[in-house]
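# Breakdown of the fold
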Amino acid sequence: MDRVSITHVTMLISPDQEALIGRVFETYLTEYHHGDILHLIEDTTEETHRPVVVNAMTLFEANMEVGDYFNAYPNDVLAIFDKVLHRKGLELSESASPKHYGRQRTKERMRLTLHVRITGLPVCPELTRDTIPRSRDVGHFLSVTGTVIRTSVAKVLEYERDYMCTKCRHIFTVQADFDQFYTFVPPVACPNPDGCNSYKFSCLSGGSEPATCRDFQEIKIQEQVQRLSVGSIPRSMVVVLEDDLVDSCKSGDDVTVYGVMCQRWKPFYDGTRCDTELVLKANNIEVNNQQAAASFLMNDVQKEFNDFWMSYKHDPIAGRNQILLSLCPQVFGMYVIKLAVAMVLAGGVQRIDSSGTKIRGISLISYLF
């Protein structure tokens, strides 16, 4: 019995446009990511969700029409990208030499879930934002920069269920509706192409162990204060992460999130008010903490420190006095007080009390002043 997949998003792209997008993207994958896909196929780790990071500028330069479709219908185009990537991965798996890939290993790789992750959007007000997007941005693919202020616990999300029509016994698949907090909404009528008009269905995927699940996490990002005008209060918004994006950042990280702006609401009930909220469904996330730059900076500071004391190795007291001259230079003299302040600022050896609390060390010499 054939199965069909029912989603709550109507495809707005014609078959001819879909074919064009598929051809352009397949050519791009062959030229720029052939080796990346082979590497993902060769990977034998247990992780099943694997990203292929696509540079939007490079892709859209090959065909500007595809870029126009992406800006107008991002969800549909991303679905086409994933479909082409899966097909490309299967082709490479099947064409691999049996010397390197056994039959069973090839079947396992056919079940891998590959994801297209977009990066490198053109820097323009229509696509990149340093502030939280508004309701007019719903349906657009954006790059939003902010600071993570909260992360939820990673959860397992059921995203597909199988249903069967009680009248014609037709089996179909329903995907969880993102706009309604991943609830399952069966169709109003049986999707059997033979014309069954029944509206009664039974769920085949019930039970405590759902068959199709994915990782899920919500984070909240806030506008960076240094990018706002004086007196502005930073706003925040929820970002939804799925699959390999889960646990990719932590609170305090400066991130750039690429995704589609959406609205979501609770299921409708009689006598209750429908409240909607803006949420960013992430396609890719990049952490901008500049840890490597901080490492280089520490090396520079260490070198400067060593050079300073090397120049005063024959007279360390003169080096100490030079440091004291730089402490509160607008205050003349008072070297003893400045020395005490410097000792307190430098601190001493950290200690841990009986309860396990870490206590900042204080230099004992500072008590002499």
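Look up a bit, the structure's there.
I will try to describe carefully the structure that is included in this document. (Residues numbered from 1 in each chain as written. Predicted model: local features only at pLDDT ≥ 70, side-chain atom pairs only at ≥ 80, totals over all residues. Heavy atoms only, no water.)

A word on the overall build of the chain. Per the secondary structure count, the chain includes 9 helices and 15 strands. Here the chain, with 369 residues, has 35% of them falling under the buried criterion. Here the contacts in the chain between residues at least 6 apart in sequence split such that 67% fall between residues at least 24 apart. Total accessible area on the chain is roughly 22700 Å²; 54% of this is exposed by carbon and sulfur atoms. (Helix = DSSP H or I, 4+ residues; strand = E, 2+ residues; numbered from the N terminus. Buried < 20%, exposed > 50% of the residue type's maximum accessible area, 1.4 Å probe, protein only. Contact = heavy atoms within 4.5 Å. Areas by Shrake-Rupley, 256 points an atom, 1.4 Å probe, with all protein chains shown as cover.)

Moving on, we come to unusual backbone geometry. Of note, the phi angle at R169 is positive, near 65°, even though the residue is not glycine. At D247, a position not held by glycine, the phi torsion is positive, near 60°. With respect to the secondary-structure elements, D247 resides in the loop between β11 (236–242) and β12 (254–265).

Another point: the environment of A346. Topologically, A346 is positioned in helix α9 (residues 335–346). Along the chain, A346 and G361 lie 15 residues apart, while their C-alpha atoms are 9.2 Å from each other.

In this structure, R264 sits in strand β12. On the accessibility criterion, R264 (3% relative accessible area) is buried. Separated by 2.9 Å, the side chains of R264 and E218 make a polar contact. Within polar-contact distance, the side chain of R264 engages the side chain of E277 at 2.8 Å. Other than its neighbours up to four places away in sequence, R264 contacts F178, D179, F181, E218, V238, V240, D275, T276, E277 and V279. (Polar contact = N/O pair within 3.5 Å; in protein donor to acceptor, adjacent residues only side chain to side chain.)

The contact between helix α1 (residues 15–32) and helix α5 (residues 74–95) brings their axes to 9 Å, and the two run at 50°. What the angle tells us is that α1 and α5 run oblique. Our pair here, α1 against α5, has a crossing hand that is right-handed. Contacts from E18, I21, G22, F25, E26, L29 and T30 of α1 reach α5 at V77, I80, F81, K83, V84, L85, R87, K88 and E91. Taken together, the residues of the contact of α1 with α5 sort by class into 8 nonpolar, 2 polar and 6 charged. (Axes fitted to C-alpha atoms, helices over the stretch in contact; angles between N-to-C directions. Parallel < 35°, antiparallel > 145°, perpendicular 65-115°, else oblique. Left-handed = near helix turned anticlockwise from the far one by under 90°. Nonpolar A, V, L, I, M, F, W, Y, C, P; charged D, E, K, R; others polar.)

Attention now goes to the pattern of salt bridges. Scanning the entire structure with this criterion turns up 12 salt bridges. With a closest N to O distance of 3.1 Å, E18 and K83 form a salt bridge. Of the two residues, E18 is situated in helix α1 and K83 in helix α5; the sequence distance between them amounts to 65 residues. Taking relative accessible area as the criterion, K83 reaches 45% and is therefore assigned partly exposed. For K250, the salt bridge goes to D253, with nearest N and O atoms at 3.3 Å. (Salt bridge = Lys/Arg side-chain N within 4 Å of Asp/Glu carboxyl O.)

Across its 12 residues, α9 extends 16 Å between first and last C-alpha, which sits within 8% of the 16 Å expected from 1.5 Å per residue. Those residues of α9 not exposed but buried are K338, L339 and A340. (Expected span 1.5 Å × (residues − 1).)

Another aspect to go through is the packing of aromatic side chains. For the structure on display, the rule yields 12 aromatic pairs. Their ring planes at 10° and their centres at 6.4 Å tell us that F70 and F81 sit as a pair that is stacked. A residue pair is termed long-range when its members are at least 10 positions apart, and F70 in helix α4 (residues 64–72) and F81 in helix α5 qualify at 11 residues. Accessibility classification places F70 together with F81 in one group, the buried group. Seen in terms of ring centroids, F172 and F201 are 5.2 Å apart; in terms of plane orientation they differ by 85°. Their pairing is edge-to-face. Here F172 is found in strand β8 (residues 171–175), whereas its partner F201 is found in strand β9 (residues 201–203), with 29 residues between them in sequence. F201 carries the same exposure label as F172, and that label is buried. By way of ring pairs, the aromatic residues F25, Y28, Y32, F60, F70, F81 and F141 are connected into one cluster. Here K281 stacks its cationic end above the ring of F178, 4.8 Å away from the centre of that ring. (Phe/Tyr/Trp six-rings, centres within 6.5 Å; stacked < 30°, edge-to-face > 60°. Lys NZ or Arg CZ within 6 Å of the ring centre and 35° of its normal.)

Glancing now at the packing of helix α2 (residues 34–42) against α5. Look at α2 against α5: their axes get within 10 Å of each other, and the N-to-C directions meet at 70°. With respect to α5, the axis of α2 lies roughly perpendicular. The way α2 lies across α5 gives a crossing that is right-handed. Where α2 approaches α5, its residues H34, I37, L38 and I41 are matched on the opposing element by L85, K88, G89, L92 and S93. Split by residue class, the contact of α2 with α5 holds 5 nonpolar, 3 polar and 1 charged.

By themselves, these observations are geometric and do not establish any function.
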